Amino acid sequence: MNALQLFLPCAAGVESLLADEVHALTGLAGHDLLTGRGGVLLRASWRQALELNLHSRLAQRVLVQLGSRPYRQEDDLYALAADIAWEIWFTPRHSFKVEVTAQHSPLQSLNFAALRVKDAVADRFRAKTGVRPDVQTRWPDVRLHLHLTAHEAQLYIDSSGEPLFKRGWRNVSDGGAKGDAPLKETLAAAMLAASGWSPQQGQPLYDPCCGSGTVVIEAAQIACQIAPGLHRRFAFEKLLPFQAHVWDAIKKEAASRVSAPAAPVFGSDISHRMVDFAQHNAERAGVAQALQLRGGDALQRMPPCAQPGLLLLNPPYGERIAAAGSAGRNAAERAYRRSSGRENAQVEEGGDFFAQLAAHWKKHYAGWQAWMLTPDLKLASKMRLKESRRVPLWNGPIECRLLRFDLVAGSARQRHAD
């Protein structure tokens, strides 16, 4: 278990940021840490796999590669799965599920590919123990991932279980306290990483459109050195290599690093309902005392502190909600109709909200640095601001840009005239 091949998938555009994070967490570099499409590949120990689950803010999962081979038909997939020693990872008492992803695969049916892998796993257990494990598609004990390219099949066991963006602090019993279009925690972390925000330098961070608080909670946890996975369970806790005393020691070490916030974090939203959601989420995430939340329109809120800092926001836009389909579009329409100020300004006044926001920033936030995630490639011109950096990121299926604006007082035309 000291020479495992791991693959950490991530959102498109985050690969280099994830590689930097993994290097900081493990010290791996060179051939032991490779940046690929959609994630990073690394050679690591089982203990490091556990630590990455606990500490990574950017990875979607931690997958352990157990086999790979060229393939042309489904029988090749059966042979691949049949050669893997599944009995050292789980027992017939565990339920399992096979999930398949593919890029340019020649196979006609991915469901049949999953079925052949399932048959191989079950047949191997029956041959070894006389008993086969059950398949459970909804809440399996063990998740197996088959990834197919045009010529190669790769088979992984999932050490994470639920995706890593599920930090464990959202309460699903109250709807998750997440509003109409919640930002995934992994994307919020990517925004923070891309901005270069470092709480150790004491730089304040403010999200004036904080919604249910995803960005500011992620920032506050970073400022307090709270591991993102400290409040959740993982699939590896059911696997045979798991040792409770090792995991307890890893968690205790992480808990011992928790500290007072190294930098102030602020959030506000025009919807007081969303501010209440954010407050409840912050309490469950253990950072209620590390951030300040208030209601208020982004077009009117003054800087929350005297020291210039970093503005980081994901303002609402119709496509972000409508990507869910017709139900999402109806939700977007309802959200815009019941909201006042910023959303109505964006929809009913042809983007005037962003022009007004830029004017407000130039008047009151001189010296601040603003980062905004948007799918609108022409947003900078609408705001009459010149971005100094443009980082491609994906919000689910939506291609976005994280734009950086260095804010100064007045307009560029007036400064040139002066």
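Look a little higher up for the structure.
Chains are numbered independently. Their residues run from 1 in the order of the written sequence. Only residues with pLDDT of at least 70 are given local features in this predicted model, and only at 80 or more are side-chain atom pairs given and counted; all residues enter the totals for whole chains, interfaces and linings. Here the side-chain values reflect all heavy atoms present in the structure, with hydrogen atoms and water set aside.

(A) Structural context of the sheet that holds strand S1 (residues 4-9). For two strands to be treated as a pair, DSSP must find at least two bridges joining them. Helical segments are the DSSP runs of H or I of at least four residues, strand segments are the runs of E of at least two, and each set is numbered from the N terminus. Here we have seven strands laid out as an open sheet, ordered S2-S3-S1-S4-S7-S6-S5, and mixed in their pairing. In this open sheet, the two strands that pair with only one neighbour each are strand S2 (33-36) and strand S5 (96-102). Here the average twist between neighbouring strands, direction ignored, is 30 degrees. When strand S4 (residues 63-70) meets strand S7 (residues 152-158), the two strands line up antiparallel, connected through seven bridges. By the bridge assignment for S7, Gly-67 is matched with Leu-155. Two residues form a contact once any of their heavy atoms are found within 4.5 Å. Here the axes come from fitting lines to C-alpha atoms, over the contacting stretch only for helices, and the angles between their N-to-C directions go from 0 to 180 degrees. Helix H3 (residues 74-82) rests against S4, strand S6 (142-148) and S7 of the sheet, and its axis sits at about 135 degrees to S4. In this fold helix H4 (residues 110-129) packs onto S5, S6 and S7, with an angle of close to 140 degrees to the strand it touches most, S5.

(B) Highlighting the packing of aromatic side chains. Think of it this way: a Phe, Tyr or Trp ring, Trp meaning its six-membered ring, pairs with another when their centres are within 6.5 Å, and the plane angle makes it stacked under 30 degrees, edge-to-face over 60, tilted otherwise. Scanning all chains against the criterion turns up twelve aromatic pairs. Ring centres of Trp-46 and Trp-89 lie 5.8 Å apart, and the angle between their planes is 65 degrees; on these two criteria the pair is classed as edge-to-face. Here Trp-46, found in helix H2 (residues 46-55), pairs with Trp-89, found in the loop between H3 and S5; they are 43 residues apart in sequence, far enough to count as distant. As far as the burial class goes, Trp-46 and Trp-89 line up, both buried. Ring centres of Phe-90 and Phe-125 lie 5.1 Å apart, and the angle between their planes is 50 degrees; on these two criteria the pair is classed as tilted. Residue Phe-90 is found in the loop between H3 and S5, and its partner Phe-125 is found in helix H4; the two are separated by 35 residues along the sequence. Given a relative accessible area of 1%, Phe-90 falls into the buried group. Whether a residue is buried, partly exposed or exposed follows from its accessible area with a 1.4 Å probe, protein chains only, as a fraction of its type maximum: under 20%, in between, or over 50%, in that order.

(C) Quick peek at unusual backbone geometry. You will see that His-104, though not glycine, has its phi angle at about 60 degrees, which is positive. Inspection of the secondary structure assignment puts His-104 in the loop between S5 and H4. Relative accessible area serves as the criterion here: at 71%, His-104 is assigned to the exposed category. Within the chain, Gln-225 stands out as a residue other than glycine whose phi angle is a positive 60 degrees. Considering the arrangement of structural elements, one finds Gln-225 in the loop between helix H6 (214-223) and helix H7 (244-256).

(D) The packing of helix H1 (residues 15-26) against H2, seen in detail. Running from amino to carboxyl end, H1 crosses H2 at an angle of 120 degrees, the nearest separation of the two axes being 11 Å. In terms of orientation, H1 lies oblique with respect to H2. Of the two elements, H1 crosses H2, and the hand of that crossing is right-handed. Across from Glu-21, Val-22, Leu-25 and Thr-26 in H1, the residues of H2 making contact are Gln-48, Leu-52 and His-55. Oblique is the label for every angle not falling under 35 degrees (roughly parallel), over 145 degrees (roughly antiparallel), or within 65 to 115 degrees (roughly perpendicular). When the near helix sits turned anticlockwise from the far one by under a right angle, the crossing is termed left-handed; a clockwise turn instead gives a right-handed crossing.

(E) Seen up close, the pattern of salt bridges. Basic side-chain nitrogens of Lys or Arg form a salt bridge, by our definition, when they fall within 4 Å of a carboxyl oxygen of Asp or Glu. All told, the structure shown has 23 salt bridges when counted by the stated rule. Taking the shortest distance from any N to any O, the salt bridge between Lys-382 and Asp-376 comes out at 2.6 Å. Given a relative accessible area of 41%, Lys-382 falls into the partly exposed group. On the basis of relative accessible area, Asp-376 is assigned to the partly exposed category, the value being 22%. Each of Lys-97, Glu-99, Arg-143, Glu-162 and Lys-166 takes part in one network of salt bridges that share partners.

(F) Seen up close, H4. Multiplying 1.5 Å by the residue count of a helix minus one yields the expected span of that helix. In this model, H4 (20 residues) spans 29 Å end to end at C-alpha, consistent with the 28 Å of a helix rising 1.5 Å per residue. Packing partners of the buried residues in H4 comprise H3, S5, S6 and S7. N-capping of H4 is provided by Ser-109, with a side-chain oxygen placed 3.4 Å from the backbone N of Asn-111. Between N or O atoms, a polar contact is any pair within 3.5 Å; within protein, one atom must be a potential hydrogen donor and the other a potential acceptor, and residues adjacent in sequence are included only when both atoms are from side chains.

(G) Representation of the environment of Ala-189. Following the sequence through the fold, Ala-189 ends up in helix H5 (residues 185-195). As a C-alpha pair, Ala-189 and Phe-165 span 24 residues in sequence and 9.5 Å in three-dimensional space. Not counting the four nearest positions on each side in its chain, Ala-189 is found in contact with Arg-57, Leu-58, Arg-167 and Glu-218.

(H) Representation of the pairing of S1 within the structure. Of all six residues in S1, five are buried; the element is thus mostly enclosed. Pairing between S1 and strand S3 (residues 39-44): six bridges, direction antiparallel. Each bridged residue has a counterpart across the sheet, and for Leu-6 the counterpart in S3 is Leu-42. Across three bridges, S1 lies against S4 in antiparallel orientation. Bridge pairing links Phe-7 to Leu-63 in S4.

(I) Expanded view of the nonpolar core. For the purposes of this section, nonpolar cores are sets of buried Ala, Val, Leu, Ile, Met, Phe, Trp, Tyr and Cys residues that join through side-chain atoms within 4.5 Å. Leu-6, Leu-8 and Leu-42 are the most contacted members of the largest nonpolar core, which has 96 residues in total. Among the elements that line this core, the one with the most residues is H5, at seven residues. Among residues more than four places away in sequence, those in contact with Leu-42 are Leu-4, Gln-5, Leu-6, Leu-8, Val-22, Leu-28, Asp-32, Leu-33 and Leu-52. Core analysis: the second largest hydrophobic core is formed by 23 residues, Phe-266, Phe-353, Leu-357 and Leu-407 among them.

(J) Here's a closer look at the sheet that holds strand S14 (residues 398-406). If you trace the seven strands from one edge of the open sheet to the other, you get S10-S9-S8-S11-S12-S14-S13, paired in mixed fashion. Looking at the sheet topology across the chains shown, the edges are occupied by strand S10 (291-295) and strand S13 (389-395). Across this sheet, the average inter-strand angle for adjacent strands is 20 degrees, counted without regard to direction. Along the sheet, helix H12 (residues 352-364) makes contact with strand S11 (310-313) and strand S12 (369-374), crossing S12 at roughly 165 degrees.

So yeah, pure geometry; function would need other evidence.
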